[in-house]
Amino acid sequence: TSTSTVGSQRNHDSYSLDEWMSVGSVQSFSWSPNGIYFYFTRQSDTSGTIEIFRVESDGGRPSQLSTNSKGKRPEPKQDVTISRDGKTLFFTAANYFQSYKNIFMMPSSGEGKITQLTFNDAVIETDPTPSPDGTKLAYFARTPQGTKIFLLDLIQKTTWPRYLTYSSKEERFPVWHPDGKKLAF
């Protein structure tokens, strides 16, 4: 890493992780479980919208991991998080820049396809949180009954998401217990 004086030009390759957090307008972020990589969302030069990037924890030039299919409208990615094994990223995207979001997953390497996990047209689904064993995904969504936490089975891909509870209270920001048997919210 090089240093610089105020007013001098710097090459993007020499930015530290702290500098990327400020100059890159980072919106959401997640560490890889082994601490080697830092995943984040920010404006992309190529698509003109918010995409997912990865940079080594000691800084350097980030790699853009998410892209849109040719001819498909670029959609902003948000709420990036990573599985405990470090192999899968989960994130949200707002189709057609509307206020609702769906949840997607992709390999953390950036190689491979993006898979859509939820398919709602008028519901905001956010804060995807994979279980420690990687078999379930917790997230919260706005429903007519209020904000509720849902569980999605990542193994049986044909199952519908289910409510965590049927209480009348608002439920947000799920956090898994390390054993994967409990959720705090």
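Residues numbered from 1 in each chain as written. Predicted model: local features only at pLDDT ≥ 70, side-chain atom pairs only at ≥ 80, totals over all residues. Heavy atoms only, no water.

**Examining the environment of Phe 53**
Right, so step 1: Tracing the backbone through its elements, the reader meets Phe 53 in strand β3 (residues 50-56).
Right, so step 2: The sequence separation of Phe 53 and Val 26 amounts to 27 residues, and the corresponding C-alpha distance is 9.7 Å.
Right, so step 3: Once you skip the residues sitting within four places of it in the chain, Phe 53 turns out to touch Phe 38, Tyr 39, Phe 40, Arg 42, Gln 43, Ser 44, Pro 62, Ser 63, Gln 64 and Leu 65. (Helix = DSSP H or I, 4+ residues; strand = E, 2+ residues; numbered from the N terminus. Contact = heavy atoms within 4.5 Å.)

**Some details on the pairing of strand β11 (residues 146-153)**
Right, so step 1: With respect to burial, β11 is a largely interior element, seven of its eight residues being buried.
Right, so step 2: When strand β10 (residues 136-143) meets β11, the two strands line up antiparallel, connected through eight bridges. Across the sheet, residue Thr 143 finds its bridge partner in β11, namely Gly 146.
Right, so step 3: Hairpin connection, β10 to β11: the antiparallel pair is bridged by two residues.
Right, so step 4: Across two bridges, β11 lies against strand β12 (residues 162-163) in antiparallel orientation. The residue of β12 that forms the bridge with Leu 151 is Arg 162. (Buried < 20%, exposed > 50% of the residue type's maximum accessible area, 1.4 Å probe, protein only. Pairing = 2+ DSSP bridges.)

**Focus: the side chain of Lys 101**
Right, so step 1: On the secondary structure map, Lys 101 appears in the loop between β6 (88-93) and β7 (102-107).
Right, so step 2: By relative accessible area, Lys 101 is classed as buried at 15%.
Right, so step 3: Among the polar contacts listed, one links the side chain of Lys 101 to the side chain of Gln 78, at a separation of 3.2 Å.
Right, so step 4: What Lys 101 contacts, discounting residues up to four positions off in sequence, is Gln 78, Asp 79, Thr 92, Ala 93, Ala 94, Val 123, Ile 124, Glu 125 and Thr 126. (Polar contact = N/O pair within 3.5 Å; in protein donor to acceptor, adjacent residues only side chain to side chain.)

**With respect to the layout of surface pockets**
A probe as big as a water molecule, rolled over the atoms, marks out the empty space that is left.
Right, so step 1: Estimated volume of the largest pocket: approximately 370 Å³.
Right, so step 2: Around the largest pocket, the lining is made up of 21 residues, and of these Leu 117, Thr 118, Phe 119, Trp 160 and Pro 161 lie nearest the centre.
Right, so step 3: When residues of the lining of the largest pocket are traced back to their parent elements, those giving at least two are β8 (115-116), β10 and β11.
Right, so step 4: Of the residues forming the lining of the largest pocket, the biggest block, four residues, is contributed by β10.
Right, so step 5: Here the lining of the largest pocket is composed, by residue class, of 10 nonpolar, seven polar and four charged. (1 Å grid on protein atoms, 1.4 Å probe; cavity = no way out; pocket = protein on both sides within 12 Å on 5 of 7 lines; lining within 4 Å. Points joined across faces, edges and corners; volume = space filled by probe spheres on them. Nonpolar A, V, L, I, M, F, W, Y, C, P; charged D, E, K, R; others polar.)

**As for the sheet that holds β3**
Right, so step 1: Taken together, the four strands give an open sheet; going across it, the order is β1-β2-β3-β4, and neighbouring strands pair in antiparallel fashion. Both outer strands of the open sheet, β1 (29-31) and β4 (63-64), are each paired with one neighbouring strand and no more.
Right, so step 2: Two strands pair when backbone bridges link them, and β1 and strand β2 (residues 37-43) are joined in this way by three bridges, in the antiparallel orientation. Note on β2: the bridge partner recorded for Ser 30 is Tyr 39.

**Quick look at the sheet that holds β12**
Right, so step 1: Within the open sheet, the four strands sit side by side as β9-β10-β11-β12. Their pairing is antiparallel. Among the strands making up the open sheet, the edge pair consists of β9 (125-130) and β12.

**Some points on the confidence of the model for the chain**
Right, so step 1: In this model, the chain carries a mean pLDDT of 82, and residues with pLDDT of at least 70 account for 83%.
Right, so step 2: Confidence, expressed as mean pLDDT per element, reaches its minimum in the chain at helix α1 (residues 17-23) with 58 and its maximum at β6 with 94.
Right, so step 3: Throughout residues 1-13 the model reports pLDDT below 50, and contacts reaching past four residues in sequence, or to other chains, amount to 12 contacts. (pLDDT = per-residue confidence, 0-100.)

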